[in-house]
Amino acid sequence: MSIKSFASKIFAKSVRKKIDKWAQDPFQTQQKVFENLISEAAQTEFGKDHDFASISKMEDFQQKVPIRDYEQLKPYVEKMVAGEENILWPGKPLYYAKTSGTTSGAKYIPLTKESMPHHIEAARNAILCYIAETGNSKFVDGKMIFLQGSPELDEKNGVKLGRLSGIVAHYVPGYLQKNRMPSWETNCIADWEEKVDAIVEETKGENMSVISGIPSWVQMYFEKLIEKTGQKVGDLFPNFDLFIYGGVNYEPYRAKFENLIGRKVPSIELYPASEGFFAFQDKQQEKGMLLQLNSGIFYEFVDASEFFDENPKRLQLHEVEKGVNYVMIISSNAGLWAYDLGDTIQFTCLKPFRVIVSGRIKHYISAFGEHVIGKEVEQAMQEALRETGARISEFTVAPQINPQQSELPYHEWFVDFEEEPDDLNKFAEIIDKSLQQQNSYYFDLIEGNILQRLKITRVQQNAFQDYMKSVGKLGGQNKLPRLSNDRKIADALQVIK
């Protein structure tokens, strides 16, 4: 065992104890975060506009600070981007994480000297919790890669800006510098396909032990490795011992990954975003990710079924329940206040608080009142894959409101199969049955002959990659929506009937 591997075990145990301490006192931990946020921001423009000086309890905050999304917070952000100080948080941000918005064009999410360390710490702690639990630390001696955006940063009025993953690349600790891959030059390649080809060339002969990224883009890397070398990933990298991912549910990809790798590899799920690092998988056998309560973020939750009501009830941690679909609202030391992330989560455990990401509040299908969400379609797909032995590369779902002839409407599932099931009709039946069991609205519409059973449409190989490329979102941290309430994506796909 190397010195680095031995030291990581000692450090991991120490960090695990600290995490357990705040996780076992969640309400007091969150109260301290809330009080600190209000105190620190009281003299900012936002704090003065919302009378932070008079806020002494959560009820005051909820009365004075309404829920906002980026569009509603944008006037404050624009002042910051123009160079003004003390707007949402004291001083100027360290960075802006630039993301692609839908209606607003580019979004500039502030990262402050108080918030930035938590992005790095949470990612580190996820790995340390894995070491503390499993005792496996040998991977720290191998090469590690994170498929990420370019670390090259632009600047606006004295503040650097770029993709979050590119900003984080500047914070790789010194003791991992020799382990990190790819090279700086390769990481800066803008074209995603060219970049992946270069990464393949750099890594194919290395001792890769940790690989991380969004599953759909790691899949592209694996496929190119196999194409180039003729070997399974697990044979090419015999010490590949840990897969770290985030952004999407891994389960629909798991069978395909195990086939590409040639064996099972332990994994850690993360929940990072430009707005904050919210959770990570801290136990291998527990469902869900540990909510980060001690990271300068105060959480509120709104039942997703009530979110679009005029005055939805905003819940604190002591009021949530397991299995309910909540919209997560955050206030943070990056200067985001009662901010609607757009994510929906469900609690899988309340002692400690663990969550799964169930989807996006704007990504759903309810063309007929069915209220189908991302978690439901992913679980249904997972069951069909498990029961039939099929494998897929990607899928998305859209409503078919105006079918040909005199058919009833239906949900259309667009699937890129790696290995098709023997019986596609049975595959569709399993998915449909699962959806009916999970979603009573969908069940009622099927039973009432308002909808017919879903239909599967095969897509051409790499059609999803081609679609993402056509809209300028190939690679990096971009994710294909699992489901849509319209047919924009569906109509753009080249399908095989």
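**Q** Go over the overall build of the protein chain, please, and point to the residues and values.
**A** Within the protein chain, the regular secondary structure consists of 17 helices and 21 strands. Considering only C-alpha atoms, the protein chain reaches an extent of 65 × 60 × 45 Å along its principal axes. When burial is assessed residue by residue, the protein chain has 55% of its 497 residues classed as buried. Of the accessible surface of the protein chain, which amounts to about 22,200 Å², a share of 46% is contributed by carbon and sulfur atoms. Of the side-chain charges in the protein chain, 59 are positive and 69 negative, and the distance between the mean point of each set is 5 Å.

**Q** Can you break down the sheet that holds strand E6 (residues 180–181) residue by residue, with the values?
**A** Ordered in space as E6-E3-E7-E8-E9-E10-E11-E15-E14-E13-E12, the 11 strands form an open sheet in which the pairing is mixed. Only two strands of the sheet have a single partner each, and these edge strands are E6 and strand E12 (297–303). In the sheet, strand E10 (residues 276–280) pairs with strand E11 (residues 289–291) via two bridges, with the strands oriented antiparallel. Across the sheet, residue Phe 280 finds its bridge partner in E11, namely Leu 290.

**Q** So what's going on with the packing of aromatic side chains? Which residues, and what values?
**A** With the rule as written, the count across this model stands at 32 aromatic pairs. When the ring of Tyr 96 is compared with that of Tyr 108, the centres are 6.3 Å apart and the planes differ by 85°; the resulting orientation is edge-to-face. Highlighted residues: Tyr 96 in strand E1 (residues 95–100) and Tyr 108 in strand E2 (residues 106–111), separated in sequence by 12 residues. As far as the burial class goes, Tyr 96 and Tyr 108 line up, both buried. Geometrically, the ring pair formed by Phe 301 and Phe 347 is edge-to-face, given 5.1 Å between the ring centres and 75° between the ring planes. Separated by 46 residues along the polypeptide, Phe 301 in strand E12 and Phe 347 in strand E14 (residues 339–350) bring together distant segments of the chain. Put simply, the rings of Phe 27, Tyr 271, Phe 278, Tyr 299, Phe 301, Tyr 326, Phe 347 and Phe 353 pair up and form one aromatic cluster.

**Q** Provide a residue-level description of helix H6 (residues 116–134), including the pertinent values.
**A** Residues spaced three or four apart along an α-helix point in a common direction, a consequence of the helix completing one turn every 3.6 residues. Its 19 residues place the ends of H6 28 Å apart at the C-alpha level, agreeing with the 27 Å of an ideal helix rising 1.5 Å per residue. Taken together, the buried positions of H6 are occupied by Met 116, His 118, His 119, Ala 122, Asn 125, Ala 126, Leu 128, Cys 129, Tyr 130 and Ile 131. Immediately beyond the C-terminal end of H6, within one or two residues, lies Gly 135, with a positive phi of roughly 75°.

**Q** Which residues make up the pattern of salt bridges, and what values go with them?
**A** Opposite charge on two side chains makes pairing possible when the charged atoms of those side chains draw close. Counted under the stated rule, the structure contains 26 salt bridges. Of the charged contacts in the structure, one is a salt bridge between Arg 16 and Asp 282, with a shortest N-O distance of 3.0 Å. With Arg 16 in helix H1 (residues 3–23) and Asp 282 in the loop between E10 and E11, this residue pair connects regions lying 266 residues apart in the sequence. Across the pair, exposure class does not vary: Arg 16 and Asp 282 are buried alike. Between Arg 354 and Asp 282 there is a salt bridge, with the nearest N and O atoms lying 2.9 Å from each other. Taken as a pair, Arg 354 in strand E15 (residues 353–360) and Asp 282 in the loop between E10 and E11 lie far apart in primary sequence, 72 residues in all.

**Q** I'd love a proper account of helix H15 (residues 440–447), names of residues and values included.
**A** Every buried residue of H15 is listed here: Tyr 442, Leu 445 and Ile 446. All buried residues of H15 lie within an arc of 100° about the axis, which places them on one face of the element. On its buried face, H15 sits against strand E17 (372–373), strand E19 (410–419) and helix H14 (424–438). Sitting at the head of H15, Asn 439 places a side-chain oxygen 2.9 Å from the backbone nitrogen of Tyr 441. Just past H15, the residue Asn 449 takes up positive phi, approximately 55°.

**Q** Could you give an account of the packing of helix H10 (residues 215–229) against helix H12 (residues 251–261), naming the residues involved and the relevant values?
**A** Packed helix pairs are specified by the crossing angle of their axes together with the interaxial distance, meaning the distance between the axes. In the contact formed by H10 and H12, the axes pass within 10 Å of each other and the chain directions differ by 25°. Taken together, the axes of H10 and H12 lie roughly parallel to each other. Crossing handedness for the pair H10 and H12: left-handed. Facing H10, whose interface residues are Pro 215, Ser 216, Val 218, Gln 219, Phe 222, Glu 223 and Ile 226, H12 presents Tyr 253, Lys 256, Phe 257, Leu 260 and Ile 261. Split by residue class, the contact of H10 with H12 holds eight nonpolar, two polar and two charged.

**Q** Go over the nonpolar core with me, naming the residues and quoting the values.
**A** Judged by nonpolar contacts, the single largest core of 87 residues is most densely connected at Phe 52, Phe 61, Leu 291, Phe 301, Met 328, Trp 337 and Phe 347. With seven residues, the top contributor of residues to this core is H6. With residues up to four places along the chain from it excluded, the contact list for Phe 347 reads Leu 291, Phe 301, Leu 317, Val 320, Glu 321, Lys 322, Gly 323, Tyr 326, Phe 353, Arg 354 and Val 355. Listed in part, the 41 residues of the second largest apolar core include Ile 199, Phe 222, Tyr 253 and Phe 257.

**Q** Now, about the pairing of strand E5 (residues 159–162): what can you tell me, with residues and values included?
**A** As defined by bridge partners, strand E4 (residues 154–156) adjoins E5 across three bridges and the pair is classed as antiparallel. From the neighbouring strand, Lys 156 faces E5, where its bridge partner is Val 159. Counting the residues between successive antiparallel strands, the hairpin from E4 to E5 contains two residues, one of them, Asn 157, with a positive phi of roughly 50°.

What counts as what
Residues numbered from 1 in each chain as written. Predicted model: local features only at pLDDT ≥ 70, side-chain atom pairs only at ≥ 80, totals over all residues. Heavy atoms only, no water. Helix = DSSP H or I, 4+ residues; strand = E, 2+ residues; numbered from the N terminus. Buried < 20%, exposed > 50% of the residue type's maximum accessible area, 1.4 Å probe, protein only. Areas by Shrake-Rupley, 256 points an atom, 1.4 Å probe, with all protein chains shown as cover. Lys, Arg positive; Asp, Glu negative; His and termini not counted. Charge placed at Lys NZ, Arg CZ, Asp CG, Glu CD. Pairing = 2+ DSSP bridges. Phe/Tyr/Trp six-rings, centres within 6.5 Å; stacked < 30°, edge-to-face > 60°. Expected span 1.5 Å × (residues − 1). Salt bridge = Lys/Arg side-chain N within 4 Å of Asp/Glu carboxyl O. Arc of directions from axis to C-beta. Contact = heavy atoms within 4.5 Å. Polar contact = N/O pair within 3.5 Å; in protein donor to acceptor, adjacent residues only side chain to side chain. Axes fitted to C-alpha atoms, helices over the stretch in contact; angles between N-to-C directions. Parallel < 35°, antiparallel > 145°, perpendicular 65-115°, else oblique. Left-handed = near helix turned anticlockwise from the far one by under 90°. Nonpolar A, V, L, I, M, F, W, Y, C, P; charged D, E, K, R; others polar. Core = buried A, V, L, I, M, F, W, Y, C linked by side-chain atoms within 4.5 Å.

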